[in-house]
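Breakdown of the fold
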Amino acid sequence: MGLKGFERRLERLVEGAFARAFKSSLRPVELGRRLIREMDDQRTVNVRGNVAAPNHFTITLGPDDHAQFAEIEESLTRALADEARTHAREENYVFMGPVEVHLNKDPDLGVGSFTLSARFKEGAGGTTGGTLVLPDGGRVPLTGGPVLIGRATDATVRVSDSSVSRRHAEVRPAGDGWTLVDLGSTNGTRINGAPITERRLEDGDTIAVGDATLRYEAG
């Protein structure tokens, strides 16, 4: 079911005018299928007894295909990373660090041919990585250091809302994951609607500060 939705999302990337100009015989969904297969083929049980999957993917294309995909590279790699996270949730896989997808070019590859390498890459400071998805769809990668949320000009996630404190809350590394800590804010911080002082984040949690809602995506 997840892959079907993924196919539809990727096909929308090459609709309209771009679809008419898209000459490659290689379709984006083929990259997604290979990525998922590599996750399944390389999964392994880690020292904690969890099933871990690769989180760092490099897709190598021939010059012609690379030139075509370069026009949608940002959207494509984001969609592939999102699908990797979705598949991991469905299969109860864990990641060693943030999910990354990169496109490379190999002059020896012809049109329609590609290679995909998948490997395990640990997050900075030993965390499993993660992302905060902002209300406007922007994304803030969690890469090892604390992330400040608030109205302060130096906040990593700046929220322009008078009900939000200058230094409202902070996402901090905790072992192999992340914890959300309220910094004594005036109006409080909520996870999935419940007020918190400090709580470990789980994949899919919604974080509310004032009228702004963020979403946490693990790994």
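See the structure printed just above.
These notes cover the structure that comes with them. (Residues numbered from 1 in each chain as written. Predicted model: local features only at pLDDT ≥ 70, side-chain atom pairs only at ≥ 80, totals over all residues. Heavy atoms only, no water.)

Moving on to the sheet that holds strand β17 (residues 212-218). With respect to topology, 6 strands assemble into an open sheet ordered β8-β7-β17-β16-β13-β14, the strand pairing being antiparallel. The sheet is open, and its two edges are formed by β8 (139-141) and β14 (194-196), each paired on a single side. In this sheet, adjacent strand axes meet at a mean angle of 30 degrees when their direction is disregarded. The pairing of strand β13 (residues 189-191) with strand β16 (residues 206-209) spans 3 bridges and is classified as antiparallel. If you follow R190 over to β16, its bridge partner there is A208. (Pairing = 2+ DSSP bridges. Helix = DSSP H or I, 4+ residues; strand = E, 2+ residues; numbered from the N terminus. Axes fitted to C-alpha atoms, helices over the stretch in contact; angles between N-to-C directions.)

Before going further, it helps to spend a moment on the environment of A70. By the secondary structure assignment, A70 is in helix α4 (residues 63-70). The exposure class assigned to A70 is partly exposed, which follows from its relative accessible area of 38%. In sequence terms A70 and L103 are 33 residues apart; their C-alpha atoms lie 8.4 Å from each other. (Buried < 20%, exposed > 50% of the residue type's maximum accessible area, 1.4 Å probe, protein only.)

This part takes up α4. Listing the buried residues of α4 in full gives D65, H66, Q68 and F69. Seen from one end, α4 has its buried residues packed into an arc of 160 degrees, which puts them on one side. (Arc of directions from axis to C-beta.)

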